[in-house]
Amino acid sequence: MPTGFIAVDLAKVYKEANKRSGLLTVLAWGDPVDVVETTATAIKIRLQDFQEGTDGSITPIVRTGYILPGRSARNEVVRPLDEKNVLMVSFVDVQQGDGCVVETPDGKVMLIDGGENQLFARYLAARYPGSSPDNPKVIDCIVITHGDADHYAGLPKILDSEKNPNSRKRLFIKPQRVYHNGIVKRPGKDADKKKVPDTKLLGRTEKKDGKLYLTELHDNLLLVPDPELNTPFKAWKKALKKYADFYGAPQQKRLDHLSEQAFDFLDGVEMEILGPIVEQVNGGPALKFLMEPPKSVQQAARDEERSSYSASHTINGHSIILRMKYGNVRFLFAGDLNEEAEDLLVAHARTGAQSIQAEVLKVPHHGSADFSGKFLEAVSPLVSVVSSGDESAQKEYIHPRATLMGALGKHSRVERPLIFVTEMVAFWKMEGFSKRLKGSQNSFFAFSRSAFDIVHLRTDGNRLLVFTHSGKRELKEAYAYTIDSEGAEPVRQNVTIV
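In this report, the structure presented in the accompanying data block is examined. None of the values given here were measured: they were computed from a predicted structure.

### Section: the pattern of salt bridges
Consideration 1: The full count for this structure, using the stated rule, is 20 salt bridges.
Consideration 2: Measuring nitrogen to oxygen at the nearest pair gives 3.5 Å for the salt bridge that ties K108 to D267. Here K108, found in the loop between β9 (99–103) and β10 (109–114), pairs with D267, found in the loop between β17 (251–254) and β18 (270–275); they are 159 residues apart in sequence, far enough to count as distant.
Consideration 3: Of the charged contacts in the structure, one is a salt bridge between D245 and K241, with a shortest N-O distance of 3.1 Å. Of the two residues, D245 and K241 are both situated in helix α5 (residues 231–247); the distance of four residues between them amounts to about one turn of the helix.

Written out as structure tokens, the structure is:
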């Protein structure tokens, strides 16, 4: 069990106690460690490491190592776990999709989306090893920003992992809360195999003042009949049912901008729910049905007429939007917002005198060209993270778009903003041509991914550390800032490495 945490930006861990060679790994601010012994010149720790096999597989192992900070700093490098005040946010590359882990200073864990494949489940299993049916990892909250498969179809893979023959890939979780935007997707074809129109794909609708609104919003997915669910929703419902049978039903709740007390379980971390922006139609909550955007990707052509209703833009545009604040540092999780929804959010914020400015922006919709410059200007981020990935030719959307990347730089509040793209963080090693398999005349040219694609942010509410990994254990791309007061100019600092 961890007894302490790393209290400096980056700390090198060596194999031996008396020389700075044989580097094992580099730990970062907030990482948990188990202190075995502290001497005048070294801190002996026990930590989880990863060992590469001859076949290229990676196996987690527990080993000891040494941090060599020098006498003057040895009491500051590792601090007792009960003094931890670091909020940790990790944006994981799940290829085409979103997956984020938020861990609060007191150890509460929140998942925001979960990708579409097994990558998010694999990452979580490595980060939280040792779970079992009798000792599941408690997940305090799962937020599904909206019901597109690339944001939540990977969550049932966590349940599937319980049966993995490889124990290090298993993860048993006990979800406490599941929040979503209430929109459920129907099957794309009806009983006669005909395509369902967009205006019928999300449930009941009503008109008000000549505008179409979605009025069928759900709180508990378990109460929605299977015939009204598309395939990914059915899989998630099945997973939720099994978790309910194992550990008791997690609280399920639809969120909108009027929701209150949903995040009262967080201590010292404030969470504002900025969207979706709900309206009242015939006495009940409703969401405006959004329109298909112009075909052009050029900002200059955005005055084209929006002519047809779009189910995909409606479900994207009504993503759950969260602004998390810890001390002076604010994170804006923007789901898959599109231009129409972003303009609505900005207008609503101005009407209610509510700021949406944030130091860190999870960029909407994987860097799509369907964005609003007014929105980016209002957020004015210091750090922007685009979650996108190359997966297949069928899922190639040219994300992130060049216009979006340029606009992020233009609307940042600093001269040299940080813009990260998860798929660009990975390090790919060239392996060369493979050996021909027995009975096969074919070989292929192979690459292996030796550094996983994650953008890490750590903060105590004043200091903000941002870092990524690389192909070398000792090499990180890292930046540090001080955020003195809300909205003030961040002060660039040197990264502390011991």
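### What about the packing of aromatic side chains?
Consideration 1: For the coordinates displayed, the defined rule picks out seven aromatic pairs.
Consideration 2: With a centroid separation of 5.4 Å and 80° between ring planes, the pair formed by Y179 and F263 is classed as edge-to-face. Highlighted residues: Y179 in strand β14 (residues 177–180) and F263 in the loop between β17 and β18, separated in sequence by 84 residues.
Consideration 3: In this structure F263 comes out as buried when scored by relative accessible area, which is 7%.
Consideration 4: Geometrically, the ring pair formed by F246 and Y247 is edge-to-face, given 6.0 Å between the ring centres and 75° between the ring planes.
Consideration 5: With a relative accessible area of 22%, Y247 lands in the partly exposed category.
Consideration 6: Among the aromatic residues, those joined into a cluster by ring pairs are F91, F331 and F333.

### So, the sheet that holds strand β21 (residues 321–326)
Consideration 1: Strand order in the open sheet made by the six strands is β18-β21-β22-β23-β24-β25, with mixed pairing throughout. Because the sheet does not close on itself, it has two edges, and the strands there are β18 and β25 (418–421). Geometrically, the sheet is characterised by an average inter-axis angle of 15° between neighbouring strands, direction not taken into account.
Consideration 2: In the packing of helix α9 (residues 402–410) onto the sheet, contacts are made with β23 (360–362), β24 (383–386) and β25, and the angle to β25 comes to roughly 150°.

### Comments concerning the sheet that holds strand β16 (residues 211–214)
Consideration 1: Ordered by their spatial adjacency, four strands build an open sheet running β15-β16-β20-β19, and the pairing between neighbours is antiparallel. The sheet terminates laterally at β15 (205–208) and β19 (279–281), the two strands that pair on one side only. Across the sheet, the axes of successive neighbouring strands diverge by a mean angle of 55°, strand direction being ignored.
Consideration 2: Looking at chain direction, β19 and strand β20 (residues 284–288) are connected through three bridges and run antiparallel. Residue pairing for β20: V281 is matched across the bridge by G284.

Analysis parameters
Residues numbered from 1 in each chain as written. Predicted model: local features only at pLDDT ≥ 70, side-chain atom pairs only at ≥ 80, totals over all residues. Heavy atoms only, no water. Salt bridge = Lys/Arg side-chain N within 4 Å of Asp/Glu carboxyl O. Helix = DSSP H or I, 4+ residues; strand = E, 2+ residues; numbered from the N terminus. Phe/Tyr/Trp six-rings, centres within 6.5 Å; stacked < 30°, edge-to-face > 60°. Buried < 20%, exposed > 50% of the residue type's maximum accessible area, 1.4 Å probe, protein only. Pairing = 2+ DSSP bridges. Axes fitted to C-alpha atoms, helices over the stretch in contact; angles between N-to-C directions. Contact = heavy atoms within 4.5 Å.

Nothing here speaks to function; it is geometry throughout.
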